[in-house]
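Coordinate inspection notes
What follows is the residue order along each chain.
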Amino acid sequence: MKLYYIPGSCSLAPHIALKELGLDATLLKVDHRTHRAEDGADFLDVNPLGYVPVLELDDGSRFHEGPAILQYLADLKPELGLAPRNGTPQRYRLQEWLSFLTSEIHKGFIPLLYAGLAGKYAETAKPKLQQRFAWIDAQLAGRQFLLGDSFSVADAYLFALTGWGQAAWLKSTFKADIHFDGLGNLQAWYRRVRQRPAVQRALTAEGLE
């Protein structure tokens, strides 16, 4: 397998999943300015839409969307529990979280990351994103992870996205203009996830330590 990634981006989530699962994959860093992959390939030939992550399988087929990639990887080793079994209520709960993170958090960051282009829309988007993170903080009360006591691929996704904002207790990747200092449950969760050996290995590999 090959994982095309940009350090600190949403592709950090499947990178963490690969480390958690102990799966072998070639990591190919993509330059977002030139759209060149580390092996010299034009990344637009890999994904004409131009964004990561992309997971290329050994047969040459590819997955282009993070939530699908995360579930595919987790299902390669179901015994490790990074995703609940298909058909169970908890699996749909996982899909609910992945959908929320994609549509409400991931996309919610875009106006803040491109504030100059977004203009006044960024002013509208920021309080909405703050509200969404406050809701996540409330959901984490009394929980170790998003689904309860077990780490899942949803936690890997949220970890990557949380790193785009700012707080005294996190090492920000993109320093978007949103702050999490008052979110105690999120802070405790973030520290638990960051301490995981697989997460540490992924961060080191991406030069984020």
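Shown above is the structure to which this text applies.
Residues numbered from 1 in each chain as written. Predicted model: local features only at pLDDT ≥ 70, side-chain atom pairs only at ≥ 80, totals over all residues. Heavy atoms only, no water.

**Remarks on unusual backbone geometry**
For the peptide bond that leads from valine 52 to proline 53, omega is 0°, which places it in the cis range. Positionally, proline 53 belongs in the loop between α2 (43–46) and β4 (54–56). A positive phi angle, close to 55°, is found at lysine 175, a residue other than glycine. Mapped onto the elements of the fold, lysine 175 is located in the loop between α7 (153–162) and α8 (184–194). Relative accessible area serves as the criterion here: at 55%, lysine 175 is assigned to the exposed category. (Helix = DSSP H or I, 4+ residues; strand = E, 2+ residues; numbered from the N terminus. Buried < 20%, exposed > 50% of the residue type's maximum accessible area, 1.4 Å probe, protein only.)

**Focus: helix α4 (residues 89–113)**
Helix length check: α4, at 25 residues, gives a terminal C-alpha distance of 35 Å against a target of 36 Å (1.5 Å per residue), a fit within 8%. Of all bends in α4, the biggest is about 35°, found at leucine 101. Those residues of α4 that fall on the buried side of the exposure criterion are Arg91, Leu94, Trp97, Leu98, Phe100, Leu101, Ile105, His106, Gly108, Phe109, Pro111 and Leu112. Where α4 is buried, its residues meet α3 (66–76), α5 (115–118), α6 (120–139) and α7. (Expected span 1.5 Å × (residues − 1). Bend = angle between axes of the 7 residues up to and from the residue. Contact = heavy atoms within 4.5 Å.)

**Some thoughts on the sheet that holds β4**
The sheet built from five strands is open, its strands ordered β3-β2-β1-β4-β5 with mixed pairing. Strands at the two margins of the open sheet, each flanked by one partner only, are β3 (36–37) and β5 (62–63). Its contacts with the sheet put α3 on β4 and β5, and the angle it makes with β4 is roughly 40°. (Pairing = 2+ DSSP bridges. Axes fitted to C-alpha atoms, helices over the stretch in contact; angles between N-to-C directions.)

**Examining the pattern of salt bridges**
Between side chains of opposite charge, a pair can form when the charged atoms approach closely. This structure, assessed with the given rule, holds nine salt bridges. Between arginine 33 and aspartate 31 there is a salt bridge, with the nearest N and O atoms lying 3.3 Å from each other. When its relative accessible area of 67% is taken as the criterion, arginine 33 is described as exposed. Residue class for aspartate 31 comes out partly exposed when judged on its relative accessible area of 25%. Several salt bridges share partner residues, and in doing so they unite Lys2, Glu56 and Arg62 into one network. (Salt bridge = Lys/Arg side-chain N within 4 Å of Asp/Glu carboxyl O.)

**With respect to a nonpolar patch on the surface**
Side chains of Ile110, Tyr114 and Leu117 sit close together on the surface and give an oily, nonpolar patch of about 350 Å² of accessible area. By secondary structure assignment, the location of isoleucine 110 is in helix α4. By relative accessible area, isoleucine 110 is classed as partly exposed at 33%. (Patch = residues over 30% accessible without salt bridge, like charges linked within 9 Å, V, L, I, M, F, W, Y side chains within 5 Å. Areas by Shrake-Rupley, 256 points an atom, 1.4 Å probe, with all protein chains shown as cover.)

**Regarding the side chain of serine 11**
With respect to the helices and strands, serine 11 occurs in the loop between β1 (2–5) and α1 (12–21). According to the relative accessible area criterion, serine 11 is buried, its value standing at 0%. One polar contact links serine 11 to serine 9, side chain to side chain, over a distance of 2.7 Å. The residues contacting serine 11, other than those within four sequence positions of it, are Leu3, Tyr4, Tyr5, Ile6, Val52, Pro53 and Glu206. (Polar contact = N/O pair within 3.5 Å; in protein donor to acceptor, adjacent residues only side chain to side chain.)

**Observations concerning the pairing of strand β2 (residues 26–31)**
Direction of pairing for β1 relative to β2: parallel, over a ladder of four bridges. The partner of tyrosine 5 across the bridge, within β2, is lysine 29. Following the chain from β1 across α1 to the adjacent parallel β2, one finds a crossover that is right-handed. With two bridges joining them, β2 and β3 adopt antiparallel strand pairing. The residue bridging valine 30 from the neighbouring strand is alanine 37, located in β3. Hairpin geometry of β2 and β3 is characterised by an intervening segment of four residues between the two adjacent antiparallel strands and by a positive phi of about 60° at histidine 35. (Right-handed = clockwise from strand over helix to strand, strands pointing away.)

**Here's the deal with the packing of aromatic side chains**
Per the counting criterion, the structure on display carries twelve aromatic pairs. When the centroid spacing of 5.5 Å and the interplanar angle of 45° are considered together, the rings of tryptophan 97 and tryptophan 135 count as tilted. Of this pair, tryptophan 97 sits in helix α4 while tryptophan 135 sits in helix α6, placing them 38 residues apart in sequence. A centroid spacing of 6.0 Å and a plane angle of 75° characterise the contact between phenylalanine 109 and phenylalanine 133, whose relative ring orientation is edge-to-face. Taken together, the residues span a long stretch of sequence, with phenylalanine 109 in helix α4 and phenylalanine 133 in helix α6 at a distance of 24 residues. Look at phenylalanine 133 and you get buried, because its relative accessible area is 0%. Among the aromatic residues, those joined into a cluster by ring pairs are Phe109, Phe133, Trp164, Phe174 and Phe180. The side chain of arginine 196 reaches across the aromatic face of phenylalanine 151, ending 4.1 Å from its centre. (Phe/Tyr/Trp six-rings, centres within 6.5 Å; stacked < 30°, edge-to-face > 60°. Lys NZ or Arg CZ within 6 Å of the ring centre and 35° of its normal.)

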